[in-house]
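Chain by chain, the residues:
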Amino acid sequence: MAGTGTQFGSKTPFAEPSWYNSKNGTPYYNEYHVAWRAKMRAFVDKEITPFVDEWEKANEIPIEVYKKASAVGLLQATVGWPESAGPRPEGYDGFFTLIAYDELCTCGSGGVVWGLTGGHGIGLPPVAHFGSDELMEKVAVPCFKGEKRIALAVSEASAGSDVANLATTAVEDGDDYIVNGLKKWITCGMFADFFTVAVRTGGEGSGMMGISLLLIERDRKGVTTRPMDCMGVKGSGTAYVEFDDVRVPQDNLIGDVTHLLKNFVTERLGLALQANRFARICLAESIEYARRRRAFGKLLVDQPVVRYKIANMAREVESTHAFLEALAFRIVKIEREGADWLQGLLRLGAEAALAKVQATKTFEHCAKEAALLHGGNSYVKGNRIESLYRHVLSLAIPGGSEDVMLDAAARLSLKGML
């Protein structure tokens, strides 16, 4: 007779990934991952989840929280723990990043997740992995310590997913660049100390290969920000960021567009992890509600149509998580073999795009089904499902909208880039 094993976290079916029950064998995780998981859950339960409503209303997370997130290794893990982040914990590999994102998202707030790791997780990697020693010391180190904050500034009003047509320019002027342009939908833009900015250095008509990444400090003359009132992600400080004749030293150049393309892969995988954990919350909330809610003379869970909905939600969530684990393993394998895992990211471009679409569509379906099962309760502020439903588009569009991602995946795979 099979043992019951030890269940970590919630005992509601499908509320946690399958390996959270010790009876379920896994080819990916070991005792170091188990300890890391417990550390992340304890931190989120104590330092994040109880303050979600407060931070969403303020549209900002206190700087002290970043320092606490650094102390437990969360900030370092979400960027792949490069050398500039300090010594790695024993047993560290890419699954630490997967676990960190997944556990942080148990707080159920896209705004808080983005506010804490959104700008950090996509704005810092190009600096931390490819920046000069000077930028490492000036930018990466204080960001890893939680003393400073950073944002990635790519999207523009006329160029969201169409990155090749960015209009923000950086024109050489002696030892400097003069930067002009307006960025839109910039996560953490309202409180970031630094911006990793996609600029056109190649001139008009240079397309994607004419784009470079440039580090711009908030306190430079000509840098201004103003808030955007978005449907969801409250707490993330989403903003317009404008550069008006901003003089930036050429020493702030991070690199060419290939660094941005690698960054897109990790960004999309991070968004997929967020979307799938939020979908899992919708599933768990639905099961718990169906177990206690009576309608038409019986519990909802005793209605065949409700069980059908639950099974379909579970099917999507579990298969999506398995897909993400498989991709994480490929990154881990590259690093274990001593190869450049960052270069290897480019080979995951098609699958990362597919994973993002799979996860955001799973989230959309689970949020809708959860809302319908909860009925009028899901239409009232203060309900967890109402909040999550407002976050669906915040994950389906950023990092490349679903239609664009599907087309990109098809083009890359048909060219043999898998």
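As the structure is a computational prediction, the values presented were derived from the model and not from experiment.

Colleague: Quick question: what am I supposed to make of the packing of helix 12 (residues 349-374) against helix 15 (residues 402-414) here?
Modeller: To characterise two packed helices, one gives the angle between the axes of the helices and the distance between these axes. Helix 15 packs onto helix 12 with a crossing angle of 150 degrees between their chain directions and a minimal axis gap of 8 Å. For the element pair helix 12 / helix 15, the angle class is roughly antiparallel. Handedness of the crossing formed by helix 12 with helix 15: left-handed. Taken together, the residues of helix 15 that come into contact with helix 12 (itself represented by G349, A350, A353, L354, K356, V357, T360 and K361) are E402, M405, L406, A409, L412 and S413. Of the residues that constitute the contact of helix 12 with helix 15, the class distribution is 8 nonpolar, 3 polar and 3 charged.

Colleague: I would appreciate a short explanation of helix 1 (residues 31-48) in the present structure.
Modeller: Because each turn of an α-helix spans 3.6 residues, side chains separated by three or four positions in sequence point in the same direction. With 18 residues, helix 1 should cover 26 Å at 1.5 Å per step; its first-to-last C-alpha distance of 25 Å lies within 8% of that length. Among the residues of helix 1, H33, W36, R37, M40, R41, F43, V44, E47 and I48 are the ones counted as buried. Where helix 1 begins, the side chain of N30 points an oxygen toward the backbone nitrogen of Y32, at a separation of 2.9 Å.

Colleague: Teacher, can you tell me more about the layout of surface pockets here?
Modeller: Any space left empty among the atoms is revealed by the rolling of a water-sized probe across them. By volume, the second largest pocket is sized at about 390 Å³. If you trace the second largest pocket, you find 18 residues lining it, with V52, D53, E56, G382 and S387 closest to the centre. Every element with two or more residues in the lining of the second largest pocket is listed here: helix 2 (52-58) and helix 13 (384-389). If you tally residues by element for the lining of the second largest pocket, the top one is helix 2, at 4 residues. Taken together, the residues of the lining of the second largest pocket break down into 3 nonpolar, 7 polar and 8 charged.

Colleague: Can you help me understand empty space enclosed by the protein in this one?
Modeller: Inspection of the entire model under this criterion finds 2 cavities of 30 Å³ or more. Its boundaries defined by the atoms lining it, the largest cavity holds a volume of some 440 Å³. Residue lining of the largest cavity: 32 residues in total, with T97, T266, L269, I331 and W341 positioned closest to the centre. Elements represented by at least two residues in the lining of the largest cavity include exactly helix 5 (94-104), helix 6 (110-123), helix 7 (125-130), helix 9 (257-292), helix 10 (304-336) and helix 11 (341-345). The element best represented in the lining of the largest cavity is helix 9, accounting for 8 residues. Of the residues in the lining of the largest cavity, the class split is 18 nonpolar, 10 polar and 4 charged.

Colleague: Sorry if this is basic, but what is going on with the nonpolar core here?
Modeller: Ranked by internal contacts, the top residues of the largest apolar core, which has 124 residues, are I48, L124, V179 and F363. If one sorts the elements of this core by residue count, helix 9 sits on top with 17 residues. Each residue touching V179, except ones within four places of it in the same chain, is listed here: T168, T169, A170, V199, L214, I216, F243, D244, D245, V246 and V248. In terms of nonpolar packing, the next biggest core, distinct from the first, is built from 5 residues, A353, V357, M405 and A409 among them.

Colleague: Where do I start with the environment of G73 in this structure?
Modeller: Among the structural elements, G73 can be located in the loop between helix 3 (63-71) and helix 4 (74-77). Along the primary structure G73 and I211 are separated by 138 residues, whereas in three dimensions their C-alpha atoms are 32 Å apart.

Colleague: When you look at the pairing of strand 7 (residues 239-249) in this model, what are you seeing that I'm missing?
Modeller: Here is the key point about a regular strand: its side chains alternate between the two faces of the sheet. Pairing between strand 3 (residues 176-186) and strand 7: 8 bridges, direction antiparallel. The partner of L182 across the bridge, within strand 7, is E242. Taken together, the 5 bridges between strand 6 (residues 223-227) and strand 7 define a ladder with antiparallel strand orientation. Bridging from a neighbouring strand, T225 pairs with V241 of strand 7.

How each quantity is defined
Residues numbered from 1 in each chain as written. Predicted model: local features only at pLDDT ≥ 70, side-chain atom pairs only at ≥ 80, totals over all residues. Heavy atoms only, no water. Axes fitted to C-alpha atoms, helices over the stretch in contact; angles between N-to-C directions. Helix = DSSP H or I, 4+ residues; strand = E, 2+ residues; numbered from the N terminus. Parallel < 35°, antiparallel > 145°, perpendicular 65-115°, else oblique. Left-handed = near helix turned anticlockwise from the far one by under 90°. Contact = heavy atoms within 4.5 Å. Nonpolar A, V, L, I, M, F, W, Y, C, P; charged D, E, K, R; others polar. Expected span 1.5 Å × (residues − 1). Buried < 20%, exposed > 50% of the residue type's maximum accessible area, 1.4 Å probe, protein only. Polar contact = N/O pair within 3.5 Å; in protein donor to acceptor, adjacent residues only side chain to side chain. 1 Å grid on protein atoms, 1.4 Å probe; cavity = no way out; pocket = protein on both sides within 12 Å on 5 of 7 lines; lining within 4 Å. Points joined across faces, edges and corners; volume = space filled by probe spheres on them. Core = buried A, V, L, I, M, F, W, Y, C linked by side-chain atoms within 4.5 Å. Pairing = 2+ DSSP bridges.

That is the geometry; function is a separate question.
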